[in-house]
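Observations on chain architecture
Residues per chain are reported as follows:
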Amino acid sequence: MAVDSALSSPLGPLACEKDAITLQLIEEMTRNTDSVQEKVLAEILSRNANTEYLHRFKVGGAIDRDTFKSKVPVVTYEDLEADIDRVANGDRSPIFSSHPISEFLTSSGTSAGERKLMPTIADELERRQKLYDLLQPVMNLYVPGLDKGKGLYFLFIKAETKTPSGLVARPVLTSYYKSEQFKTRPYNPFNVYTSPNETILCVDSFQSMYSQMLCGLLMREEVLRVGAVFASGLLRAIRFLQLNWKQLAQDIASGILNPRVSDPSIRNCISKILKPNAELAEFVVKECEGDNWEGIITRIWPNTKYLDVIVTGAMAQYIPTLDYYSGGLPKACTMYASSECYFGLNLKPMCKPSEVCYTIMPNMGYFEFIPHDPVNPVQISRDSPPHLVDLADVELGKEYELVITTYAGLCRYRVGDILQVTGFHNSAPQFKFVRRKNVLLSIDSDKTDESELQKAIESATALLRPYDTNLVEYTSFADTKTIPGHYVIYWELLVKEPANPPSDEVLNQCCLAMEESLNSVYRQCRVADNSIGPLEIRVVKNGTFEELMDYAISRGASINQYKAPRCVNFTPIVELLDSRVVSVHFSPTAPYWTPERRR
């Protein structure tokens, strides 16, 4: 491959010569999007030609697009669930992939209330690593000198379980952090973190967060970027500092680690860097003891150049709070990925959050698109596969639902992401992430749809029957003003016996009943990750939802077609609801959760 010796690329001037090969690779792939896609599909079909799944649809070893599209159906998780369960229960035959299934990656989406299990193969780790390797050369085009310091990243592993066959099931980032690719990664000045591996790999969320925050404070002047996977995770770290700064300062002053951090591997690695430092301890106290936390990130870590967090989709709701704590630092959204597949990267990572778009790398998988029109949706039938649009053929400005075919054996799988084409880099389209399909509420990695919320409502309102009380109407709101954020449910009640209304205790139990009914991802965030706060029910005055309807009609809604929204985020509507609140109730305890699956 020829390398531009002038230290420049179509993406911009290069930070260093070694970035040239990587950036030229991006250029070549995006200039030849369609041919790369054709090659990727042929590779996937060739290597998986003898799998049961492709035999089922009589592909006959063909590796061309036309045969693939005419014979293989577009599917959802529910279509594959029976085959996935076979693998989970020990069937080692090549159902999806000619390569052995190495583990399951658990999706943040759910099926029947449980995390979806995505089968994966060993060499997918290497493929995902290739996308990570593209990130830093792009970042160097916009932020020079990142090799002169460290990144303060709050990274965590989550609980994992094993299927009956013995295969591990865990989130994709947990898989990556526990892999040899991550743990024994070669030295790279751009990937130096303040957090030792031992602090990241501790499953206890308090010990992990405490030790990572302590290391970040000890190396505060070396920190050039601060981040977490999601915006909510970074805000949770700031809240943790608000609650624990006194003990952290005491540790720094004494050089002795808090005994609550009992993990031997963490204590061993921290002992090598924690020495008594009265000056730093005094600094931490001075910055944290008052009520003013505006700009706290740049006050404690003054050399921070940007925040590395996802602020697209549901995470956009956290942007104002991030601006408050960071003094308006740029927020870099670097890549687009999921449990099923890693997709692409942001070639202009320092753009405004509202302008973030991702260029899908055509070598990561085979990508197709269902035109998205809520008014006239495309009908998907397993018996007659619809015409899907190829990656190189999407049209500017239009919205699409993403469909993927992967090396691990997923074929024409609907991911559930709605994307909008915002432009092109060479022949590769650039997409804005619009939303997850059918997601109503989201605080962290949770995704609650309307049917799940309705089920939870029904479970809770059963507790009202002994009090002859009915639920007139309800709506919901993802409240991110608190850290962590939490679900707020607005209830209008009809109490038929005013002398015997449901008590505060009963309504508190209604909150818990709702949480018990929500999916396993929500309950894990509540119980194990502490990334979602207790659910809240706000009871509003009678007639409130009629006022809500009147307001909607005054803004042009049709009285004949109006129905109460099941989720609200428009500020005037939230303010209207809050002005009618007569009582507030919270879950008295956390819901039940275990990493073990119900099935």
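Residues numbered from 1 in each chain as written. Predicted model: local features only at pLDDT ≥ 70, side-chain atom pairs only at ≥ 80, totals over all residues. Heavy atoms only, no water.

Going by what an unreviewed UniProt entry lists, the protein chain is known as Indole-3-acetic acid-amido synthetase GH3.1 and is assigned to Anisodus acutangulus.

For the protein chain, the helix and strand inventory stands at 20 helices and 24 strands. Here the protein chain has a C-alpha radius of gyration of 25 Å; the compact-globule value for 599 residues is 25 Å, and the two agree. Once the C-alpha set of the protein chain is aligned to its principal axes, its extents read approximately 80 × 70 × 50 Å. Residue burial in the protein chain is summarised as follows: out of 599 residues, 55% are buried. Of the roughly 25,300 Å² of accessible surface on the protein chain, a fraction of 51% belongs to carbon and sulfur atoms. Counting 63 positive and 74 negative side-chain charges, the protein chain places the averaged centre of each group 2 Å from the other. (Helix = DSSP H or I, 4+ residues; strand = E, 2+ residues; numbered from the N terminus. Rg over C-alpha atoms; globule rule 2.2 N^0.38 Å. Buried < 20%, exposed > 50% of the residue type's maximum accessible area, 1.4 Å probe, protein only. Areas by Shrake-Rupley, 256 points an atom, 1.4 Å probe, with all protein chains shown as cover. Lys, Arg positive; Asp, Glu negative; His and termini not counted. Charge placed at Lys NZ, Arg CZ, Asp CG, Glu CD.)

Pairing is mixed in the open sheet, where four strands are placed in the order E21-E22-E23-E24. For this open sheet the edge positions go to strand E21 (469-479) and strand E24 (581-586), each flanked by a neighbour on one side alone. Across the sheet, the mean angle from the axis of one strand to that of its neighbour is 25°, orientation sign disregarded. Pairing between strand E22 (residues 486-495) and strand E23 (residues 536-540): five bridges, direction parallel. (Pairing = 2+ DSSP bridges. Axes fitted to C-alpha atoms, helices over the stretch in contact; angles between N-to-C directions.)

The four strands are arranged E5-E8-E9-E10 in an open sheet whose pairing can be described as parallel. Looking at strand neighbours, the two that pair on one side only are strand E5 (150-154) and strand E10 (331-332), the edges of this open sheet. Sheet topology note: the strand E9 (residues 306-310)/E10 ladder contains two bridges and is parallel. Bridging from a neighbouring strand, aspartate 308 pairs with alanine 332 of E10. In this fold helix H10 (residues 205-218) packs onto E5 and strand E8 (223-230), with an angle of close to 160° to the strand it touches most, E5. (Contact = heavy atoms within 4.5 Å.)

Looking at where glycine 344 falls in the secondary structure, it is placed in strand E12 (residues 342-345). When the C-alpha positions of glycine 344 and arginine 128 are compared, they lie 10 Å apart, and in sequence the two are 216 residues distant. The residues contacting glycine 344, other than those within four sequence positions of it, are Leu131, Met335, Tyr336, Thr359, Ile360 and Met361.

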